[in-house]
Amino acid sequence: MGDRISDIEFRGSPEPTLGVEWELALVDPVTRDLSNSAPELFELIGARGVDRSERIHKELLRNTVELVTDVCHTVPEAMADLGETLDVVRTLTDEVGVDLYGAGTHPFAEWSTQQLTEGPRYAELIARTQWWGRQMLIWGVHVHVGISRRDKVLPILSSLLKYYPHLLALSASSPMWGGRETGYASNRAMMFQQLPTAGLPFQFERWSEFERFVSDQETTGIIDHLNEIRWDIRPSPHLGTIEVRVCDGVSNRRELAGIVALIHCLIVDLDRRLTAGETLPQMAPWLVQENKWRAARYGIDAIVIQDADCSERLVTDDLAELLVRLEPVAASLGCTDELASVSDIVARGVSYKRQHDVFARTGDMREVVASVVDELE
């Protein structure tokens with residue numbers, strides 16, 4: 001076990017900087033099944049001395065590659081950063097003979113055929129979590145936003161949970177699992193929360209409560225490191241950020257830019273309101289939990305709970321109003337066009353709906369995979 005965690009330093013970011021992590025699966029271009037080809041990919045990266053290799057990461061399973069940005073200041077900068085790394089990776093995956101696939105789950109892959117990436121951290125995770133850990137054929141997008149002081153972190157995190165269903169509904173891309181339609185827009189959200197430190201965060205009021213929680217987790221052997229707390233939204237003290245891990249995998253850069261812009265604007269808006277002396281609104285944990293389930297189940301057709309009075313509204317209606325309210329924030333952050341594109345995601349049909357449409361038309365889940373692969377073009 002590592003050193004006991006007690007006082008947790010939050011290395012505040014002087015600006016609301018931005019970082020994005022984009023997980024992509026590797027699939028066979030013929031069978032459309034997952035491919036355990038990451039070792040070959042990373043062998044090429046090492047042998048070639050590939051440019052931007054520090055932005056290309058391994059993950060738990062050998063069917064996954066993660067693209068990460070440097071610390072960025074705007075959404076366009078982050079997307080350009082990811083785009084350059086994606087171009088490098090695609091050249092290599094073409095050479096390895098695999099395609100890149102961006103969704104929350106794979107429609108028909110079997111967990112039992114997936115291979116673990118070598119490393120004690122991953123082996124320990126599976127040794128502890130067993131069947132549920134082996135089920136984690138899931139991919140997501142993680143967005144970091146810089147926060148200046150630690151006393152802002154928990155109020156912003158708790159208030160941000162009000163918008164959890166909006167983010168999950170927009171990104172929902174995991175309607176199929178093990179060769180079946182699940183009836184959920186995001187089966188990934190339901191799967192991931194089975195891990196012992198995953199799921200919704202606790203809504204602590206004081207940083208000392210968070211420190212006590214982490215200390216208890218470490219003392220009892222639940223975690224060895226702070227990053228093993230895998231909440232859907234979590235503080236990232238060593239980076240000075242709040243990390244939003246709500247979203248399913250995303251299949252294309254255009255939608256990714258819109259979702260990242262919405263997260264950036266939401267957090268900066270809450271930060272500014274807090275700085276101005278406002279007490280940020282929060283929702284009871286049981287209402288947040290219900291909203292998560294509704295968004296996972298119904299996607300953009302979810303009716304979400306909005307406040308302590310249990311007022312309800314169609315998530316897309318609330319989202320439309322939210323986008324208008326955040327326009328000035330987007331203008332100040334240089335992401336006006338990206339935020340506006342969020343409404344296009346709804347109009348076009350969110351990924352889970354597009355996947356449903358392909359399957360309804362073809363009856364073939366391999367065609368579903370092909371359609372997701374094609375969207376990265």
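Visitor: Would you take a moment to explain helix H9 (residues 285-298) for this structure?
Guide: Residue pairs three or four apart in sequence face the same way in an α-helix, which turns once every 3.6 residues. For H9, spanning 14 residues, the distance from its first C-alpha to its last is 20 Å, which sits close to the expected 20 Å at 1.5 Å a residue. Looking only at H9, the buried set comprises Leu287, Val288, Asn291, Lys292, Arg294, Ala295 and Ala296. Buried residues along H9 sit against helix H5 (164-171), helix H6 (187-192), strand E8 (198-199), strand E12 (303-305) and strand E13 (312-314). Positive phi appears at glycine 299, one or two residues downstream of H9, with a value of about 60 degrees.

Visitor: How do you make sense of unusual backbone geometry when you look at a structure like this?
Guide: The phi angle of most residues is negative, glycine excepted, and most peptide bonds adopt the trans form. One non-glycine residue, arginine 32, lies in the positive phi region at around 65 degrees. Positionally, arginine 32 belongs in the loop between strand E1 (18-27) and helix H1 (38-48). Of the residues examined, arginine 32 reaches a relative accessible area of 16% and is grouped as buried. One non-glycine residue, arginine 52, lies in the positive phi region at around 70 degrees. Residue placement: arginine 52 occurs in the loop between H1 and strand E2 (56-57).

Visitor: Quick question: what am I supposed to make of the environment of methionine 136 here?
Guide: As for its placement among the helices and strands, methionine 136 is situated in the loop between helix H3 (120-134) and strand E5 (140-146). Accessibility expressed as a relative area gives 7% for methionine 136, which makes it buried. Expressed as a C-alpha distance, the spacing of methionine 136 and glutamine 194, which sit 58 residues apart in the sequence, is 9.5 Å. Contact partners of methionine 136, with chain neighbours within four places excluded, come to Leu60, Leu61, Met191, Phe192 and Leu195.

Visitor: What exactly am I supposed to notice about the packing of aromatic side chains here?
Guide: A ring pair, where both rings are aromatic, is described by two values, the distance of the centres and the angle of the planes. Tallied over the entire structure, the rule returns 11 aromatic pairs. With a centroid separation of 5.7 Å and 50 degrees between ring planes, the pair formed by phenylalanine 204 and phenylalanine 213 is classed as tilted. We note that phenylalanine 204, like phenylalanine 213, is buried. Look at phenylalanine 204 and tryptophan 231: their rings are 6.4 Å apart centre to centre, the planes differ by 45 degrees, and that puts the pair in the tilted class. In this pair, phenylalanine 204 is assigned in the loop between E8 and helix H7 (207-219) and tryptophan 231 in strand E9 (residues 230-231), connecting sequence segments 27 residues apart. Cluster of aromatic residues (ring-pair linked, three or more members): Phe10, Phe202, Phe204, Trp207, Phe210, Phe213 and Trp231.

Basis of the calculations
Residues numbered from 1 in each chain as written. Predicted model: local features only at pLDDT ≥ 70, side-chain atom pairs only at ≥ 80, totals over all residues. Heavy atoms only, no water. Helix = DSSP H or I, 4+ residues; strand = E, 2+ residues; numbered from the N terminus. Expected span 1.5 Å × (residues − 1). Buried < 20%, exposed > 50% of the residue type's maximum accessible area, 1.4 Å probe, protein only. Contact = heavy atoms within 4.5 Å. Phe/Tyr/Trp six-rings, centres within 6.5 Å; stacked < 30°, edge-to-face > 60°.

On their own, these measurements won't tell you what the molecule is for.
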